[in-house]
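One letter stands for each residue in the lines below.
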Number of protein chains: 2
Amino acid sequence: MAEDKTDNIVYIGKKPTMNYVLAVATQFNSGTSSVTIKARGKSISTAVDVAEIVRNRFIQDLKVDDIRISTEVLEGEEGKKSNVSSIEIFLKK
Amino acid sequence: MAEDKTDNIVYIGKKPTMNYVLAVATQFNSGTSSVTIKARGKSISTAVDVAEIVRNRFIQDLKVDDIRISTEVLEGEEGKKSNVSSIEIFLKK
């Protein structure tokens, strides 16, 4: 299992997928040995795309060290709470 | 790591999330000890939602045994190939 890390995290949002792919690839190419990709809700699919594209097209010897899923509670405008799923993908060279 | 299993697979598609939640919960309640949730592309987010909702609201002692991501090659109408990410979430009682 991967240890909890606070460095080298790439958060997936609504930008084009390739932006995040390049962000992850750049971190590895600058000497980092592990990067964590995090996403919530609908961005979870993009997070998996990013991990797969980096592995298949950019950094050959990359491994998926661990994948964790969880539920986060978001508080809306009127204090209304809603649950949203999240994912963490730990990539390691 | 989970072993490869061909039984007890729930494929996530475009139906309402709760349909899949009930499909997974029903399998566990009928005595099954492991269920695999599979999804591709945009349905990956729904797959994580399904796993989290079953774990948090339906089956208390459920564990995420393993999560795997991969890339599948789909052939389009004119023989054009495209890559799509996929996820497998292995749940275990």
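Before any of the text, the structure's been laid out above.
The sections below set out a description of the structure shown in this document. Values in this document were obtained by computation on a predicted structure and should not be read as measured data.

Broken down by element type, chain A carries two helices and four strands. For chain A, the spread of C-alpha atoms along the principal axes amounts to about 45 × 30 × 20 Å. Counting every position in chain A, which comprises 93 residues, the buried fraction comes to 43%. Put simply, of all contacts in chain A between residues at least 6 apart along the chain, 67% involve residues at least 24 apart. Treating the 14 positive side-chain charges of chain A as one cloud and the 13 negative ones as another, the clouds have centres 4 Å apart.

This part takes up the interface of chain A and chain B. Counting residues at the interface gives 20 residues for chain A, matched by 20 residues for chain B. Regarding the contact of chain A and chain B, the summed buried area is about 1500 Å², with carbon and sulfur atoms giving 57% of it. Of all residues in chain A, Ser 45, Ile 67 and Ile 69 of chain A give up the largest surface area on contact with chain B, accounting jointly for 37% of the area buried on that side. Scanning the region where chain A abuts chain B turns up zero salt bridges.

With that settled, consider the relation of the copies chain A and chain B. Each of the two chain copies can be generated from the other by rotation about an axis followed by a shift along it. Each copy superposes on the other: chain A lies on chain B with an RMSD of 0.0 Å after a rotation of 180° and an axial shift of 0.0 Å. Interpreted geometrically, this transformation is the action of a two-fold axis. Taking C-alpha positions as reference, the residue of chain A nearest the rotation axis is Ser 45 of chain A, located at 2.7 Å. A shared binding surface is used by both copies, with 100% of the interface residues of chain A retained as interface residues in chain B.

Residues and elements named next belong to chain B. Reading across from one edge, E1-E2-E4-E3 is the order of the four strands in this open sheet, with mixed pairing throughout. One side of each edge strand has no neighbouring strand; the edge strands of this open sheet are strand E1 (9–11) and strand E3 (63–75). Across the sheet, the mean angle separating the axes of adjacent strands is 20° when strand polarity is ignored. Taken together, the twelve bridges between E3 and strand E4 (residues 81–92) define a ladder with antiparallel strand orientation. Looking at the pairing, Glu 72 lines up with Val 84 of E4. Where helix H1 (residues 17–29) meets the sheet, it contacts E1, strand E2 (34–40) and E4, and its direction lies at approximately 175° from that of E1.

If you look at the biggest cluster of nonpolar residues, it comprises 46 residues, and the most contacted ones within it are Ile 87 and Ile 89 of chain A together with Ile 87 and Ile 89 of chain B. Residues contacting Ile 87 of chain A, with those up to four places away along its chain left out, are Ile 37, Lys 38, Ala 39, Ile 44, Ala 47, Val 48, Ile 67, Arg 68 and Ile 69 of chain A together with Ile 87 of chain B.

In this section: a nonpolar patch on the surface. All names here are of chain A. Residues Met 18, Leu 22 and Phe 58 make up a contiguous nonpolar surface patch of about 250 Å² in total accessible area. Inspection of the secondary structure puts Phe 58 in helix H2 (residues 43–58). Judged by its relative accessible area of 35%, Phe 58 is partly exposed.

This part is about the side chain of Glu 88 of chain A. Residue and element names in this part refer to chain A. With respect to the helices and strands, Glu 88 occurs in strand E4 (residues 81–92). In this structure the side chain of Glu 88 is engaged in a polar contact, spanning 3.4 Å, whose partner is the side chain of Lys 38. If sequence neighbours within four positions are ignored, Glu 88 has contacts with Thr 36, Ile 37, Lys 38, Asp 66, Ile 67 and Arg 68.

The rules behind these values
- Residues numbered from 1 in each chain as written.
- Chains lettered and ligands numbered in written order.
- Predicted model: local features only at pLDDT ≥ 70, side-chain atom pairs only at ≥ 80, totals over all residues.
- Heavy atoms only, no water.
- Helix = DSSP H or I, 4+ residues; strand = E, 2+ residues; numbered from the N terminus.
- Buried < 20%, exposed > 50% of the residue type's maximum accessible area, 1.4 Å probe, protein only.
- Contact = heavy atoms within 4.5 Å.
- Lys, Arg positive; Asp, Glu negative; His and termini not counted.
- Charge placed at Lys NZ, Arg CZ, Asp CG, Glu CD.
- Buried area = accessible area lost by both parts, 1.4 Å probe.
- Salt bridge = Lys/Arg side-chain N within 4 Å of Asp/Glu carboxyl O.
- Least-squares fit on C-alpha atoms with pLDDT ≥ 70 in both.
- Pairing = 2+ DSSP bridges.
- Axes fitted to C-alpha atoms, helices over the stretch in contact; angles between N-to-C directions.
- Core = buried A, V, L, I, M, F, W, Y, C linked by side-chain atoms within 4.5 Å.
- Patch = residues over 30% accessible without salt bridge, like charges linked within 9 Å, V, L, I, M, F, W, Y side chains within 5 Å.
- Areas by Shrake-Rupley, 256 points an atom, 1.4 Å probe, with all protein chains shown as cover.
- Polar contact = N/O pair within 3.5 Å; in protein donor to acceptor, adjacent residues only side chain to side chain.

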